[in-house]
Amino acid sequence: MEHEITLVVNGTARRVGVPARRLLSDCLRHDLGLTGTHVGCEHGVCGCCTVLLDGEPIRSCLTFAVSVDGAEITTVEGLGRDGSRATEPASQSEAMSAVQRAFAECHGLQCGFCTPGFLCTVTALLRDNPAPTDEEVLEGISGNLCRCTGYQNIVKAVHRAAELLAEEA
């Protein structure tokens, strides 16, 4: 049996039929075609599936889609300025958010698998704490795992994103 739900995903209302046990990560990826949300451990440990639910980071691999009917979801695809994604390579940097630009500038990614979860987590972190200390950054990203970077450049990227956001304000 499918349940009709409406999600506001990246600013657009989307109506979708889902089984009661469909995970939000699967709904986003398979039903809505938003494959930027990655699924890593499927136990909520790695943070790859992190999205923003009404502005707060959550693990989409632990959340049933039916439980968030009517909610606002922001995925990595919606983090760009005004929630838009660049379609032309020349305009890509203009469409990226400060957090996305900082991760690219500071090499805060390597294979990129964990990056969508980090970007969503850091977006919420900097919204709540626009000038975090190193310790606060480490605490803020502690729920996201990366197997490639060693975290130094991720921490640098968070601080650079804070600078970029301050310049934009």
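In this text, all values refer to a predicted model and were calculated from it rather than measured experimentally.

*Asks:* Account for the pattern of salt bridges, with residues named and values stated.
*Replies:* Tallying each qualifying case throughout the model produces eight salt bridges. Two residues, Glu4 and Arg15, come together in a salt bridge whose shortest N-O distance is 3.9 Å. On the criterion of sequence distance, the pair formed by Glu4 in strand S1 (residues 2-9) and Arg15 in strand S2 (residues 12-19) is long-range, its members being eleven residues apart. Glu4 gets classed as partly exposed once you look at its relative accessible area, which sits at 47%. Here Arg22 ties to Asp31 by a salt bridge, and the two come within 2.9 Å at their closest N and O atoms. Judged by its relative accessible area of 24%, Arg22 is partly exposed. Under the relative-accessibility criterion, Asp31 is labelled partly exposed at 28%. One salt-bridge network, in which partners are shared between bridges, spans Glu105, Arg160, Glu163 and Glu167.

*Asks:* Talk me through the nonpolar core; I want residue IDs and the actual numbers.
*Replies:* The biggest cluster of nonpolar side chains holds 28 residues, and the ones touching the most others in it are Val99, Phe103, Phe118, Val122, Leu126 and Ile141. Broken down by secondary-structure element, the contributors of at least two residues to this core are helix H3 (98-105), helix H4 (115-128) and helix H6 (152-168). Setting aside residues up to four positions removed in sequence, Leu126 forms contacts with Val99, Pro132, Val158, Ala161, Ala162 and Leu165. Of all hydrophobic cores here, the second largest spans 17 residues; its members include Leu7, Val16, Leu32 and Val51.

Procedures and definitions
Residues numbered from 1 in each chain as written. Predicted model: local features only at pLDDT ≥ 70, side-chain atom pairs only at ≥ 80, totals over all residues. Heavy atoms only, no water. Salt bridge = Lys/Arg side-chain N within 4 Å of Asp/Glu carboxyl O. Helix = DSSP H or I, 4+ residues; strand = E, 2+ residues; numbered from the N terminus. Buried < 20%, exposed > 50% of the residue type's maximum accessible area, 1.4 Å probe, protein only. Core = buried A, V, L, I, M, F, W, Y, C linked by side-chain atoms within 4.5 Å. Contact = heavy atoms within 4.5 Å.

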